[in-house]
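Breakdown of the fold
The primary structure of each chain is shown beneath.
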Amino acid sequence: MNNWVWPVTLYLGKGLLVTLWISLLTVILATMLGLLIAALSQSTLTFARFVGRLYVELFRGVPSLMILLFVFFALPQIGLRTGPLTAAIIGLGLWGGANIGEVFRGALDSIPHRQEQGARALGLSATEALVFVILPQAFRRALPPYVGQLTVLVQASALTSVVGVSDLLGSARQMIERLAYVGTGDSHAIEIYLGVLSIFFVICYALTGLASMIERRLRV
Amino acid sequence: MQNDLMKEVTELLAGLGNSLLISAIGIALGIGIGLVLGAIRYARIPITNIAIVGFVNAFRCTPLLVQIFLLFYALPDIGIRLTPFETSWLALALWGGAYQTEVFRAAFEAVPKGEVTAARALGLPAFQTFLDITLPIALRVAITGTTTTAITQFRSSSFMIVVGYQELTYVANRIVSDTFKVFETFGIACLMYLLVCSILSALSRTFERRLAIPGLGVVK
């Protein structure tokens, strides 16, 4: 009867691992970029601030999928032969970096200026004021929206299937096509896509819950 | 050479037109859904509340791309066949509606309680208080959030490439596959997305300023 369920589940499991792997690498890349952008926004150099701002405006005004396709097609043209997986991770990381950079910048900007002035008046150096006074507070402000951005990146990982990566959605598509050609010809598309939706839902709902828990715990 | 570029720009413009069409329908329906469901949430009607929270979470915690696949490739299994155009605006409307519901719920809750109490004390019936006091203030509060969601919906219209709807990203992708002119084509397409996004956020700022009620503190 339901002899299709087990093989499909196994295959989707592999896809889920790919999705989690993509999400992890994207998050790492986007976080590093985000830190860099936030640092640029705090610079005393007008040019550095401008570069950071330009990056954020450009990458947040363009669809994530467009950036992904751009990177996917552009990398081979500049002589870098990478697989679709690498291209997808770079594309999503570049896009996520702009979003996460905005989160970090917002958190830094939300700390009142008098905090720094107070710290300096007490005799802390500029670096000490940043490390011991500004950053601990900014960290608390940034953490909940940062976790929120993680759910955005996990959801965006599904876009990699468009360039042919066998992530959760990609492997679901392959399974549905295969099921449509073998056996009874029934693709079971509804069950499989609902399954994929549920897996994403569980991951993202858990992350959302985590974000609001952190928000409650870290409230000063 | 020059003619080639003109031809491409014309094709991209046609794609942009299609993107704008599905976005406009999706955004309008999304605002409608969000306004109604947000108002019902604000009214705290027990059973509908759970249903609406379920709808909002289901659409916000799963990737739009998977929702599109479900609508377009799975629904035919139970006899519902949607054209790429119908799928496109419907997916944008449902997904945006879930986000707009939260925007409007928050906007309704942000209306100062004193305003409502004062209106009721002056003898206005509950429903008229809602129409004449709560709604006009809430709509002004909601402008920023609504625009953010609307812009995201417009950018997400690029996902409709997967159902073969001829929107901007689809057209750009096709031109790149044919001509390998990656940088010009995607560059122009990105500029078009950026332009529309900046026009939308400029419009939102104008609205916010024009509609501000002096002394009500809704607009900074």
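Reading the values: the criteria
- Residues numbered from 1 in each chain as written.
- Chains lettered and ligands numbered in written order.
- Predicted model: local features only at pLDDT ≥ 70, side-chain atom pairs only at ≥ 80, totals over all residues.
- Heavy atoms only, no water.
- UniProt positions renumbered as here; feature names shortened; annotations may be inferred.
- Helix = DSSP H or I, 4+ residues; strand = E, 2+ residues; numbered from the N terminus.
- Contact = heavy atoms within 4.5 Å.
- Buried area = accessible area lost by both parts, 1.4 Å probe.
- Salt bridge = Lys/Arg side-chain N within 4 Å of Asp/Glu carboxyl O.
- Polar contact = N/O pair within 3.5 Å; in protein donor to acceptor, adjacent residues only side chain to side chain.
- Phe/Tyr/Trp six-rings, centres within 6.5 Å; stacked < 30°, edge-to-face > 60°.
- Buried < 20%, exposed > 50% of the residue type's maximum accessible area, 1.4 Å probe, protein only.
- Lys NZ or Arg CZ within 6 Å of the ring centre and 35° of its normal.

**Details of the UniProt feature "domain: ABC transmembrane type-1" (unreviewed entry) in chain B**
The feature "domain: ABC transmembrane type-1" (unreviewed entry), as annotated in UniProt, sits at residues 16-204 of chain B in this numbering. In residues 16-204 of chain B, helix accounts for 82% and strand for 0%; the two terminal C-alpha atoms are 21 Å from one another.

**Some details on the interface of chain B and chain A**
Where interface size is quoted, it is often the accessible area lost as the parts come together. Contact residues are listed per partner, giving 35 residues for chain B and 36 residues for chain A. Interface of chain B and chain A: buried area, both sides summed, is about 3,000 Å²; carbon and sulfur atoms make up 80% of it. Considering only the surface of chain B that becomes buried against chain A, B:C61, B:V66 and B:F69 emerge as the three largest contributors, covering 18% of it. At the surface where chain B touches chain A, the tally comes to zero salt bridges. Put simply, chain B and chain A have three residue pairs in polar contact (both at pLDDT 80 or more) between them. Within the residue set of the side of chain B that touches chain A, elements represented by two or more residues are α2 (46-60), α3 (64-74), α7 (168-179) and α8 (182-211) of chain B.

**Topic: the UniProt feature "transmembrane region" (unreviewed entry) in chain A**
The residues that UniProt annotates with the feature "transmembrane region" (unreviewed entry) are residues 20-40, 61-79, 85-108, 120-139 and 192-214 of chain A. Summarising residues 20-40 of chain A: 100% helix, 0% strand, and an end-to-end C-alpha distance of 30 Å.

**Section: the packing of aromatic side chains**
Applying the stated criterion across every chain, the model contains 18 aromatic pairs over all chains. A centroid spacing of 5.6 Å and a plane angle of 25 degrees characterise the contact between A:F104 and A:Y146, whose relative ring orientation is stacked. Linking A:F104 in helix α4 (residues 84-110) with A:Y146 in helix α6 (residues 126-156), this pair joins segments that are 42 residues apart in sequence. Looking at A:Y146, the relative accessible area reads 15%, which means it is buried. Arranged with centres 6.5 Å apart and planes meeting at 20 degrees, the rings of B:F127 and B:F130 form a pair that is stacked. Of the two residues, B:F127 and B:F130 are both situated in helix α6 (residues 126-156); the distance of three residues between them amounts to about one turn of the helix. Residue class for B:F127 comes out exposed when judged on its relative accessible area of 61%. Members of the aromatic cluster, joined through ring pairs, are A:F70, A:F72, A:F73, B:F183 and B:F186. A cation over a ring is seen here: A:R178 above A:Y11, with NZ or CZ 5.5 Å from the ring centre.

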